[in-house]
Amino acid sequence: MSPEQDTDNPQPSAAPAAEAERPAEESAANSESSGTQAPLAEVHAEGAAQAATATPAMAASGNETPHGETTPTGSTTAAASEATELSAEPAAGTETTEAFDEHLLEQYSVPQQAPSEGDIIEGHVVALTELGVVVDLGAKNEGLIPAQEFLEPDAGPTLEPGQAVEVQRTGERKEGYVLLSYQRARRRRIWENIEKSYRAHVPLSGKVLDRIKGGLVVNIGVRAFLPASQVDLRPMHDLEAWKDKEITCRVLKMNRKRGNVVVSRRVILDEELQAQRQKLMDSLVEGQVITGRVKNITDYGVFVDLGGLDGLLHITDLSWGRLKHPSEAVAPDQEIEVQVLKFDREKMRVSLGRKQLQPDPWATVPERFPGGARVAGKVVGITDYGAFVELDSGVEGLVHISEMSWSKRLKHPAKIVSLGDTVEVVVLDVRPEQRRISLGLKQTQPDPWQALAEKYPVGTLVTGRVRNLTDFGAFVEIEEGFDGLIHVSDISWTERVKKPAEVFKKGDTVEARVLKIDAANRRLSLGVKQVNDIWANWFRAHKVNDVVRGKVSRVTTFGAFVELAQGIEGLCHISEIEERRKKGEPDKAPRGAVPGVQLEPGQEYDFKIIKLSPEQHKIGLSYRAALKQAERREMEEYRSSKSSPTATLGDVFFSKRGSA
């Protein structure tokens, strides 16, 4: 090729071919970055001076290389420069100069191929000028990055003299310099890194620029979108706090043509968490004591971060004492020591305990709180069925509602005690294996039932109000808190009462007699019919062998019931009605009649008292004995009237017939 041809076409002949061979992807990157420039911080006066002194031969353009290649305008070949320097050496170094010239000729005898326009080449910043940044490309070649590439906000870092920089040839010249593009090379490298992060899962660093709807904008060389759900492992509500923070993320989606990139910080945290979790699971055993951080506090317990795995510290395992809420014992982000109580590897569940690291207060309860001891405690809980009293830290006992008062009829324990009260109680029962202590409050006061037995001995007449009615009786309150039962059988002597409601109603005032007091079982028996005890009066007026007259009320197979007075009945057994038949003698009773019974209901007869039982209100009668006694009396009367000591019963009988 002739020098004239080189002058007309100053660009290397290999450039068009290289341009045609560039990948379509690089061409797209070049077209994207052609309009994107970066701000140049400032033009240093010192840099301008360096540029003026470093390029004295830039005025010459189109210099040829020894092999006919055209060099950039404003630069000289290495051979010419070296020859100029050697010409100034003294004659004493002639041999050295000749050797060096031979070395240069050998070096330039090898063809030098200039980089194509699409290739990224590395140079060093020489100076900062008004036109732009001068870059040394090597082999005495220099190029210029136009200042327009540094005018946009996201143009990248400010370049300084001596700094290494990657650039790309544009195929143009200006002011004797080969024009270079810093932004094309930079954008190309950025997208290469983005694609590497997307395909090889390589993390990228970036800075959060702004908060937008649904997430954040992160600068990773280009503006990328970080969804709110991908910011952290847990949902983040305050995204404003992330602005201007440096983060590490990974590319989830990318579209280079549209310039869209979606990144995630959560996937990196997930991988780190999984690695920590696996390491923890390999070393975790039940009974192990480890340190964790309080991650979350709920009403039922605390979730503790053990380093990749969360464990549950239940409120019952947080302290030996009573806690209303876990926040009374721990605070968020607090580091605490816990013990592994249970570990399920399949479900990845860990149950933790904190109180297990402290001495068990129940171990010495039987010695400190024996049965029958009077102790003081604090009311820490009230329920419908009783009150819980704290005797010591972590040791509580229950005062059942039935053990709160001797006499008061309690509807709720709050009527007796309040939260925070200091009370004196008696230990009723201790069960350390079940962690239970039964306490009594009323046992600290005198038992009023003992005084009640002295105040109302059996037989005392009392007055009370009907408080409740049941099918079997009526409860009558004789004093506040003391009820007595009037059984349905003790309501009336004469009437057959089936239900107490037939006689009483709630609120009625009744008079009753004390029948029995059972102080141990807290029972009081009353009777209304005993107020007028007709049985006692009747028993006082009658004795055995007396003949009384009564009316047969009913007849049974075993005898006849005889009404002797209103409400008083006696029994005449069948054996006391008629003479016993001799063995083999036929029964003369009419068909359908009760065997052996000759008494008719509603008829009055004389009966002889053969048995009295006042305690059981039982009277035994004999119709047969009364007949015999009447016959003997009549015989005696007849004998006395006829003055015949030999008179017989037949004489008496015929005497009566004759008189009749």
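If you're wondering where the values come from, they're calculated on a predicted model, not measured in any experiment.

When you go through the protein chain residue by residue, the secondary structure sums to 13 helices and 30 strands. Per-residue burial over the protein chain gives 38% buried out of 660 residues. Sequence separation of 24 or more characterises 59% of the internal contacts of the protein chain that already satisfy a separation of 6 or more. For the protein chain, the exposed area adds up to about 38,300 Å²; of that, 49% sits on carbon and sulfur atoms.

This part is about the sheet that holds strand 4 (residues 164-174). A barrel is described by the order of its strands in space; here 5 strands give the closed sequence 1-2-3-5-4, paired in mixed fashion. Geometrically, the sheet is characterised by an average inter-axis angle of 55° between neighbouring strands, direction not taken into account.

The sheet built from 5 strands closes into a barrel, its strands ordered 26-27-28-30-29 with mixed pairing. Sheet twist, expressed as the mean angle between neighbouring strand axes with direction ignored, is 50°. When strand 26 (residues 547-556) meets strand 29 (residues 604-613), the two strands line up antiparallel, connected through 5 bridges. Paired with V547 across the two strands is K608, which belongs to strand 29.

Once that is clear, we can look at the packing of aromatic side chains. Going through the model one piece at a time under the given rule, you end up with 9 aromatic pairs. Ring centres 6.0 Å apart and planes at 85° place the aromatic pair F558 and F561 in the edge-to-face group. On the basis of relative accessibility, which here comes to 37%, the residue F558 falls in the partly exposed class. For the ring pair Y605 and Y623, a centre distance of 5.6 Å and an interplane angle of 80° mean the geometry is edge-to-face.

So, on to the pattern of salt bridges. Oppositely charged side chains can form a pair if their charged atoms are brought close together. Evaluated as defined, the whole model comprises 26 salt bridges. One salt bridge connects K295 with D310, and the closest N-O pair in it is separated by 2.9 Å. Placement of K295 in strand 11 (residues 289-297) and of D310 in strand 13 (residues 310-314) is noted, with a sequence separation of 15 residues between them. Residue K295 is classed as partly exposed on the basis of its relative accessible area of 28%. Within this structure, E166, R188, R189 and E192 form a network of salt bridges that share partners.

For a regular strand, the rule is simple: side chains alternate between the two faces of the sheet. Across the 5 residues of strand 7 (residues 215-219), 4 count as buried, placing the element largely inside the fold. In this sheet, strand 7 lies alongside strand 6 (residues 204-212) in antiparallel orientation, the contact comprising 5 bridges. In the strand pairing of strand 7, I212 is matched with G215. Between the end of strand 6 and the start of strand 7, which pair antiparallel, lie 2 residues, with G214 showing a positive phi angle near 90°. The pairing of strand 7 with strand 8 (residues 223-227) spans 5 bridges and is classified as antiparallel.

Its location among the elements puts S613 in strand 29. Non-local contacts of S613, meaning those with residues more than four positions away in its chain, are made with F539 and K618.

This next bit is on the environment of D282. With respect to the helices and strands, the residue D282 is situated in helix 8 (residues 266-283). For the pair D282 and R345, spaced 63 residues apart in sequence, the C-alpha separation works out to 9.6 Å.

Summarising the element assignment, D317 is placed in the loop between strand 13 and strand 14 (335-344). Here D317 is buried and forms no salt bridge, its nearest opposite-charge partner K355 lying at an N-O distance of 4.2 Å. Those residues within four positions of D317 in sequence are excluded, and the remaining contacts are L341, L352, G353, R354, K355 and Q356.

For the protein chain, mean pLDDT is 77; residues scoring 70 or higher make up 75% of the total. Ranking the helices and strands of the protein chain by mean pLDDT puts strand 20 (residues 436-440) first, with 94, and helix 2 (residues 14-21) last, with 34. Confidence drops under pLDDT 50 across residues 1-94; counting only partners more than four residues distant or on other chains, this segment forms 138 contacts. Low pLDDT, under 50, characterises residues 107-112; the stretch is placed with 9 contacts to residues that sit more than four places away or in other chains.

A word on the pairing of strand 14. In this sheet, strand 14 lies alongside strand 11 in antiparallel orientation, the contact comprising 5 bridges. Directly across from R293, in strand 14, lies its bridge partner E335. Of the strand pairs in this sheet, strand 14 and strand 15 (residues 349-353) are connected by 5 bridges, and their pairing is antiparallel. Each residue of the ladder has a partner; that of F343, found in strand 15, is V350.

Right, let's talk about unusual backbone geometry for a bit. Unusually for a residue other than glycine, D333 sits at a positive phi of about 70°. Looking at the secondary structure, you find D333 in the loop between strand 13 and strand 14. Overall, the relative accessible area of 53% leaves D333 in the exposed class.

Our focus in this paragraph is helix 11 (residues 534-541). Within helix 11, the full set of buried residues consists of W535, W538 and F539. For helix 11, the angular spread of buried residues about the axis comes to 100°, placing them on one side. Turned more than 90 degrees away from the buried face of helix 11, the exposed residues are R540 and A541. Buried-residue contacts for helix 11 involve strand 27 (559-565), strand 28 (568-573), strand 29 and strand 30 (618-622).

Locating Q598 in the fold gives a position in the loop between strand 28 and strand 29. Remark: the alpha-carbon pair of Q598 and I577, spanning 21 residues in sequence, is separated by 7.1 Å.

Conventions adopted
Residues numbered from 1 in each chain as written. Predicted model: local features only at pLDDT ≥ 70, side-chain atom pairs only at ≥ 80, totals over all residues. Heavy atoms only, no water. Helix = DSSP H or I, 4+ residues; strand = E, 2+ residues; numbered from the N terminus. Buried < 20%, exposed > 50% of the residue type's maximum accessible area, 1.4 Å probe, protein only. Contact = heavy atoms within 4.5 Å. Areas by Shrake-Rupley, 256 points an atom, 1.4 Å probe, with all protein chains shown as cover. Pairing = 2+ DSSP bridges. Axes fitted to C-alpha atoms, helices over the stretch in contact; angles between N-to-C directions. Phe/Tyr/Trp six-rings, centres within 6.5 Å; stacked < 30°, edge-to-face > 60°. Salt bridge = Lys/Arg side-chain N within 4 Å of Asp/Glu carboxyl O. Lys, Arg positive; Asp, Glu negative; His and termini not counted. pLDDT = per-residue confidence, 0-100. Arc of directions from axis to C-beta.

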